[in-house]
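Observations on chain architecture
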Amino acid sequence: MLASLIHPRLWLALTLLAAGIGLSVVAWNGPADAMLMPRVVLAIWCAMALTLTIIEALRHAPSPRSSLSPLPLLMAAVLLAAMTMDTLGFLLPALVLVALTLWLFRVRRTLPLLVGTALIGGGLWFLFHHVLLIRLPAMLNSGVI
Amino acid sequence: MDVILAAVGDAFTWQALLAIVVGTWAGIIIGGLPGLGSVVGLTIFLPFTFGLDVITSMALLIGVYCGSVYGGSITAILINTPGTPQSAATTFDGYPMTQQGRVDEALGWATFASFFGGVLSCVLLIFCAPQLAKFAVNFGSIEVFALVCLAMLCIVGISRGSLLKGLLCGMMGFFFSMVGSDPITGADRFTFGTQALSSGLDLIPVVVGAFALSEIFVRFSARDDEATVIPEARLRFPGLREIGRRSIELLRGSLIGSFVGALPGTGAAAAAFISYATAQKLSPRRAQLGKGEPDGIIASESSNNAVTGSAFIPTLALGIPGDVVTAMMMGAMVIHGITPGVRLMADQAQTVYALFVVLIIVNVVMLILSKPSIGLFRYLFKLPLGFVMAGIVMFSFIGAASVRGNPLDLVVAALTGILAYALRLGGYPLAPLVIGMVLGPALESSLRRGLLISRGDFLSFFTHSGIATTLFALIGLFLVWTLWSSLAQWRANVASRRQASARVAE
């Protein structure tokens, strides 16, 4: 019963409402002059999110059939690569992410996968970091990799 | 007249022309790659100018700047991923046209509108720069606040059918723009003790996440679907009759861009949204806007390219750079011995006019190079989907990492991508999120400065000056109009539903 009531759109509206309320608490605890505008904006945010939550709860939208998709894996890989680039440098996480993206988009043959990873991941990194001197996050202090 | 002729001679040297061709072509390609925009392009090319003379080096940089603003529209139309934030408004109608199989028409209009806006702003720059600079000085905080409020109305138009969701996304974008140091007091806001958040959230990682990364997730979840195939990029210029039919829209967008560009602190992205908001109210085909109407592309592209010329007005005439890009251009000018400011036109008139001529040539070269450049994108997008998506992921990461050198920007891009995917699934429009983030800082700082000027009396904003009163009156008029048309639409819907149920009962 509860599972059929809480469909993804309602979850999203509830999450946005919770985020708005949490941020509003931070805004009301901050300095009055600096937080004047955020308080107004967050109040409107909460009002909109609350209205949307009520609308979505009343709508009784059918829950989509759940199916196993590797999309969360791609999302997690993107997030993990972004988080680790500060410590591991740009190259290594980028190579892993590019290889995984190619694989998930069904580039499964070994040669295209390896060449694609080397050219798109390593090639673009080399072009920007070493040729065009656009400094990307580096693992070593010298900035070589 | 002699000065102008001498300036034309300066601009038509083979070195300057070569620099224009190289710069414009590189700019189009850089602008078209998601995440890489004008700033990255100028950063790459700035060191190459050190050994060149003043006009050649400025020709190279102006080429990169104008080319990148146009280039952003190519991927905005083809894959719903604006190459630069300036082209975000182009996705509203550009991508629907691509989905309808009208990609050639969309790219043709984007190219022609960019050319038209760029050239018109150059002509205005030559003849009206001193007058526009004087008028722009009349725009204080309260007038800018009124102008930005007018642009914010764009959210209402874009969120047709889901106004609450659009407003919520607008507030989210506005909130993103407020993270970091407070512009007036310097107090930290929503930094949660993190040093990296003190400098705030940059627009580029948010745009990269909201459009490029979320698009990858959407295409991944529908990778078995035929619709995920990227259309072949072709370009068809509009005919003279079509141009004549939409000449008012072209002129309006270009004038808006020229004017907004002349105001310090606004920029091409804000100009595109203001122009789009105006088209939503004034275009004779406004009902079709957002569903694949060329007027939407014209509004966005003519205005953002018009900014490239007029942004030089405060930079050259007042020595005030309007945004990061013009600040970089100003730095390059100083390196080459041009000191922008009120004395510039008197002291170095020939050089200034040569720059204006260069701007016109750049726009003509951009029109000529558009076909081969789009051809290059055609070859890129002919690659299997996996390679294109992996390339977009890499360019998005490079763009987000290089914009400020702040590692947090990468995390912001990734998180925004995931959030944007969820919002798209929930039927939330993403454009208001970007509009809120683009216009938020200008709205907040102008409001708070205005309150300081008026000693906290908000009501005095409405009577502060003739410009402010006119702009607020326009806002009121637009609100009443929107409310009236929504009411009329609702009544029509109710009436048609009643008729349908009556027919069923019969």
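Residues numbered from 1 in each chain as written. Chains lettered and ligands numbered in written order. Predicted model: local features only at pLDDT ≥ 70, side-chain atom pairs only at ≥ 80, totals over all residues.

Observations concerning the overall build of chain B
Basically, it comes down to this: Labels follow the DSSP assignment, with helices taken as runs of H or I lasting at least four residues and strands as runs of E lasting at least two, numbered in each case from the N terminus. Throughout, radius of gyration means the C-alpha value; the globule benchmark is 2.2 Å times the number of residues raised to the power 0.38. Counting other C-beta atoms within 10 Å of its own, a residue is labelled buried from 20 upward, exposed at 12 or fewer, and partly exposed in the gap between, with every C-beta atom placed from the backbone. It is the C-beta atoms, placed from the backbone, that decide contacts: two residues are in contact if theirs lie within 7 Å.
Along its length, chain B carries 22 helices and 2 strands. Here the C-alpha radius of gyration of chain B, 23 Å, is about what a compact globule of 506 residues would show, namely 23 Å. When the backbone C-alpha atoms are referred to their principal axes, chain B occupies close to 85 × 60 × 55 Å. Burial statistics for chain B: of 506 residues in total, 59% are counted as buried. Contacts spanning at least 24 positions in sequence make up 79% of the contacts within chain B whose residues lie at least 6 apart.

Remarks on the overall build of chain A
Looking only at helices and strands, one finds 6 helices and 0 strands in chain A. Secondary structure elements of chain A occur, N-terminal to C-terminal, as α-α-α-α-α-α.

As for the packing of helix α2 (residues 8–29) of chain A against helix α3 (residues 36–59) of chain A
All names here are of chain A. Basically, it comes down to this: Structural elements are reduced to axes, namely lines fitted to C-alpha atoms, with helices fitted over the stretch in contact, and the angle between N-to-C directions of any two is expressed from 0 to 180 degrees. Any angle from 65 to 115 degrees is called roughly perpendicular, while one under 35 is roughly parallel, one over 145 is roughly antiparallel, and all others are oblique. By convention the crossing between two helices is left-handed if the near helix lies anticlockwise of the far one by an angle smaller than a right angle, and right-handed if it lies clockwise. Note on residue categories: nonpolar means Ala, Val, Leu, Ile, Met, Phe, Trp, Tyr, Cys or Pro, charged means Asp, Glu, Lys or Arg, and polar means any other residue, Gly included.
Direction vectors running N to C along α2 and α3 enclose 155 degrees, while the axes themselves pass 8 Å from each other. Judged on the interaxial angle alone, α3 and α2 are roughly antiparallel. The crossing of α2 and α3 is left-handed. Contact residues: Arg-9, Leu-10, Ala-13, Leu-14, Leu-16, Leu-17, Gly-20, Ile-21, Leu-23, Ser-24, Ala-27 and Trp-28 in α2; Pro-38, Arg-39, Leu-42, Ala-43, Trp-45, Cys-46, Ala-49, Leu-50, Leu-52, Thr-53, Glu-56 and Ala-57 in α3. Along the lines of polarity and charge, the residues of the contact of α2 with α3 split into 18 nonpolar, 3 polar and 3 charged.

Overview of the interface of chain A and chain B
Counting residues at the interface gives 51 residues for chain A and 48 residues for chain B. Those elements that provide at least two residues to the side of chain A that touches chain B are α2, α3, α4 (71–88), α5 (91–104) and α6 (110–131) of chain A. Residue contributions to the side of chain A that touches chain B peak at 10 residues, all from α3(A). A breakdown of the residues in the side of chain A that touches chain B according to their chemical character gives 40 nonpolar, 6 polar and 5 charged.

Considering helix α20 (residues 408–425) of chain B
Residues and elements named next belong to chain B. Keep this limit in mind: A helix's residues, less one, multiplied by 1.5 Å, set its expected span.
The first and last C-alpha atoms of α20 sit 26 Å apart over 18 residues, in line with the 26 Å expected at 1.5 Å per residue. Counted residue by residue, α20 has 13 buried out of 18 residues, so it is predominantly covered. Just past α20, the residue Gly-427 takes up positive phi, approximately 80 degrees.

Digging into the confidence of the model for chain B
Detailed reading of predicted coordinates is not advised where the pLDDT is low. All names here are of chain B. We apply this condition: What pLDDT reports is the predictor's confidence in each residue, on a scale of 0 through 100.
Residues of chain B with pLDDT of at least 70 account for 95%, and the chain-wide mean is 85. Averaged pLDDT values for the elements of chain B fall to 72 in helix α17 (residues 344–347) and rise to 94 in α20. Taken together, the chains of this predicted complex give a pTM of 0.82 and an interface ipTM of 0.93.

Here we look at the nonpolar core
A general trend in soluble globular proteins is that nonpolar side chains are found buried together. Residue and element names in this part refer to chain B. The criterion, for reference: A set of buried Ala, Val, Leu, Ile, Met, Phe, Trp, Tyr and Cys residues, joined through C-beta atoms within 7 Å, is what we mean by a nonpolar core.
Counting 214 residues, the largest nonpolar core has Phe-273 and Val-358 as the members making the most contacts within it. The element best represented in this core is helix α4 (residues 54–79), accounting for 17 residues. Once residues within four sequence positions are removed from consideration, Phe-273 is found in contact with Ala-89, Ala-151, Cys-154, Ile-435, Val-438 and Leu-439.

Thoughts on the environment of B:Leu61
Residue and element names in this part refer to chain B. Among the secondary structure elements, Leu-61 is positioned in helix α4. Each C-alpha atom, one on Leu-61 and one on Leu-250, is 26 Å from the other, the two residues being 189 residues apart in sequence. When near neighbours in sequence (up to four residues on either side) are disregarded, Leu-61 contacts Gly-23, Leu-42, Phe-45, Thr-49, Met-329 and Ala-332.

Brief notes about the environment of A:Ala118
Counting through the fold element by element, A:Ala118 comes out in helix α6. For A:Ala118 and A:Leu95, which are 23 residues apart along the polypeptide, the C-alpha to C-alpha distance reads 7.4 Å.

Some thoughts on unusual backbone geometry
All names here are of chain A. In this structure, Leu-133 is a non-glycine residue whose phi angle is positive, near 55 degrees. When you line up the elements, Leu-133 lands in the segment after α6. Given 10 C-beta atoms within a 10 Å radius, Leu-133 is considered exposed.

Quick notes on helix α9 (residues 163–178) of chain B
All names here are of chain B. Over its 16 residues, α9 runs 23 Å from end to end, which matches the ideal 22 Å to within 8%, given 1.5 Å per residue. Counted residue by residue, α9 has 14 buried out of 16 residues, so it is predominantly covered. Positive backbone phi, at 110 degrees, marks Gly-180, one or two positions downstream of α9.

A look at the packing of helix α3 (residues 38–45) of chain B against α4(B)
Residues and elements named next belong to chain B. The interhelical angle for the contact between α3 and α4, taken along N-to-C directions, is 155 degrees, at an axis separation of 9 Å. With respect to α4, the element α3 is oriented roughly antiparallel. By crossing handedness, the relation of α3 to α4 is classed as right-handed. In contact with Ser-38, Gly-41, Leu-42 and Phe-45 of α3, α4 contributes Leu-60, Leu-61, Val-64, Tyr-65, Ser-68 and Val-69. Per-class residue counts for the contact of α3 with α4 are 7 nonpolar, 3 polar and no charged.

Examining the environment of B:Arg245
Residues and elements named next belong to chain B. Along the polypeptide, Arg-245 turns up in helix α11 (residues 240–245). Here Arg-245 falls in the partly exposed class, since 14 other C-beta atoms lie within 10 Å of it. Between the C-alpha atom of Arg-245 and that of Val-54, which follows or precedes it by 191 residues, the distance is 41 Å.

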